[in-house]
Amino acid sequence: MPAPPDTIFDTLSCSMDKDETKVDGSTLHLPSYADRYTDIPRLIRLKFIAQVCPQLSVPALELAINHVKTTYNVKLYDELYKTLCAEVSRKSLKQVEENGTSQSPDANEASTSSGRGRIVVPYDSYWVEDNTMEATLMLQELDAELNFKKSNSGSAYVRRVLEEIGDHYEKSGNLQMAVKFYARARPYCTSSDNVINMFRNLIRVSIYMQNWWHVLTYVDEAKQYAFGFEYLAQEVPARLSCAAGLANMGLKIYKSAADNFLSTPFGRYDYDRIVAPEDVSFYAGLCALATFDRENLQLRAINSESFSPFFQLSPKMWNILAKFCEGQLETCAALLREIEDHVRLDVYLYPHVNTLYEMIMGRLLKKRDRKTMTDIVKKRHKSS
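Since we're looking at a predicted model, the values are computed, not measured. (Residues numbered from 1 in each chain as written. Predicted model: local features only at pLDDT ≥ 70, side-chain atom pairs only at ≥ 80, totals over all residues. Heavy atoms only, no water.)

1. Considering the side chain of Ser192
- Position of Ser192 relative to the elements: it lies in helix α9 (residues 192-209).
- Within the structure, Ser192 has its side chain in polar contact with the side chain of Tyr231 (distance 2.3 Å).
- Every residue in contact with Ser192, bar those within four places of it in the chain, is listed here: Tyr225, Phe229, Tyr231 and Leu232. (Helix = DSSP H or I, 4+ residues; strand = E, 2+ residues; numbered from the N terminus. Polar contact = N/O pair within 3.5 Å; in protein donor to acceptor, adjacent residues only side chain to side chain. Contact = heavy atoms within 4.5 Å.)

Right, dumping it as structure tokens:
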């Protein structure tokens, strides 16, 4: 039997070896968390939480099913419903195995966080049929309007219809077709704002698809275009910093990710549909702690006035950075342990938690060993 960990550093290291598919969600208030996001990002995050956190799987799937019915994505509704049925059955079977008896669920019983002993909401076949028909008719109308506008109207009208078709495909979950139609709007853009909006559409959908190289390509193209206009040259690069940060983090280029996240302007932050401001502080903080030296941590993060509003929403992350720079390594490691389950519930941060924590742990242990050696040398000097 392995010896129990004797410091917080050891417990943090041990946590990296745990089963990553099981994350503790006891501290997360799921409805409030879901309300931070809208549209596809809410669905992406709820579906992900259902996959990695058995404790929240049923309520996450139920919230996702309720939200997907505001879209045209029938395929996702079917997938979520089947997953919910399987999850409720699995938990009911587990309850039988644990208790030796099966409880008959009350049809009027409200949803619980466990999902055990309850009936799944009936499959909404009426919504599926009605929604499928509505989506088909809408697309036919938009196609007809596009052909008419191409023959009888100017570029602005054509661009508007192409964007509407892209929106329709996005709402239907066909993201590849959405990208295709958003990109087709480029020749019909009649102003610089139209072009930047076109790039933002492409960046947004590419983030949903986690096509990180495409995100960086569109960000670079948007910046190059913006540099040709004085009023856009300052504004656009900063507003795209969060997207660039996500892409670099997705590609495991953590130092560049930290640079980009820390350059995100709080006052003009408008990526909150995808990444809540609270999330930005965790992304920036962990990437910076893993890659920045002490001087840059203090200058770019801890003492940054422009980024301070993000940290005010997640003060624990700021505190972790401060404790690291102050040399309070045990406290820093303990705080990292406290936020670990929370950051593992984030769909974009989850694949990088182990790597970032290993990098950070390496720095903490190196600083601790250096401090220990310094103390030993001082004691020897005093004794001599």
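2. Focus on the side chain of Asn131
- For Asn131, the position within the fold is in helix α6 (residues 125-152).
- Of the residues examined, Asn131 reaches a relative accessible area of 5% and is grouped as buried.
- Apart from residues lying up to four places away in sequence, Asn131 is in contact with Thr71, Tyr72, Asn73 and Val74. (Buried < 20%, exposed > 50% of the residue type's maximum accessible area, 1.4 Å probe, protein only.)

3. Examining the confidence of the model for the protein chain
- A residue-level look at the protein chain finds 84% of positions with pLDDT of 70 or above and a mean pLDDT of 85.
- The low-confidence segment residues 1-19 (pLDDT under 50) makes 34 contacts with residues lying over four places distant or belonging to another chain.
- Counting interchain partners and residues more than four positions distant, the pLDDT-below-50 stretch residues 102-117 has 29 contacts. (pLDDT = per-residue confidence, 0-100.)

4. Considerations on helix α3 (residues 39-52)
- Across its 14 residues, α3 extends 21 Å between first and last C-alpha, which sits within 8% of the 20 Å expected from 1.5 Å per residue.
- Of all 14 residues in α3, ten are buried; the element is thus mostly enclosed.
- All of the buried residues along α3 are Ile40, Pro41, Arg42, Leu43, Arg45, Leu46, Phe48, Ile49, Ala50 and Val52. (Expected span 1.5 Å × (residues − 1).)

5. A look at the packing of aromatic side chains
- The final tally for this structure, using the stated rule, is 15 aromatic pairs.
- When the ring of Phe48 is compared with that of Tyr350, the centres are 5.1 Å apart and the planes differ by 75°; the resulting orientation is edge-to-face. Of this pair, Phe48 sits in helix α3 while Tyr350 sits in the loop between α19 (329-344) and α20 (353-383), and the two are 302 residues apart along the sequence.
- Under the relative-accessibility criterion, Phe48 is labelled buried at 9%.
- Ring centres of Tyr269 and Phe310 lie 5.7 Å apart, and the angle between their planes is 85°; on these two criteria the pair is classed as edge-to-face. A residue pair is termed long-range when its members are at least 10 positions apart, and Tyr269 in the loop between α14 (254-262) and α15 (277-291) and Phe310 in helix α17 (residues 308-313) qualify at 41 residues. Phe310 carries the same exposure label as Tyr269, and that label is buried. (Phe/Tyr/Trp six-rings, centres within 6.5 Å; stacked < 30°, edge-to-face > 60°.)

6. Regarding the packing of α15 against α19
- Contact geometry for α15 and α19: axes closest at 13 Å, N-to-C directions at 125°. Regarding the angle of α15 to α19, the classification is oblique. Of the two elements, α15 crosses α19, and the hand of that crossing is left-handed. Here α15 contributes Phe282, Leu286 and Leu289 to the contact with α19, which in turn contributes Leu336, Ile339, His342 and Val343. (Axes fitted to C-alpha atoms, helices over the stretch in contact; angles between N-to-C directions. Parallel < 35°, antiparallel > 145°, perpendicular 65-115°, else oblique. Left-handed = near helix turned anticlockwise from the far one by under 90°.)

7. Some points on the nonpolar core
- If you look at the biggest cluster of nonpolar residues, it comprises 120 residues, and the most contacted ones within it are Ile207, Leu246, Met249, Leu286 and Leu336.
- Excluding anything up to four places from it in sequence, Ile207 contacts Trp212, Val215, Ala243, Leu246, Tyr271, Ile274 and Tyr348. (Core = buried A, V, L, I, M, F, W, Y, C linked by side-chain atoms within 4.5 Å.)

8. A few points about the packing of α6 against helix α7 (residues 155-172)
- The geometry of α6 relative to α7 is characterised by a closest axis approach of 9 Å and an angle of 160° between their N-to-C directions. Considering the angle they form, α6 stands roughly antiparallel to α7. At the point where α6 passes α7, the crossing takes the left-handed sense. Note on element contacts: α7 touches α6 through Tyr157, Val158, Arg160, Val161, Leu162, Glu164, Ile165, His168 and Tyr169, opposite Ala135, Met138, Leu139, Leu142, Asp143, Glu145, Leu146, Lys149 and Lys150.
- Taken together, the residues that form the contact of α6 with α7 break down as eleven nonpolar, one polar and six charged. (Nonpolar A, V, L, I, M, F, W, Y, C, P; charged D, E, K, R; others polar.)

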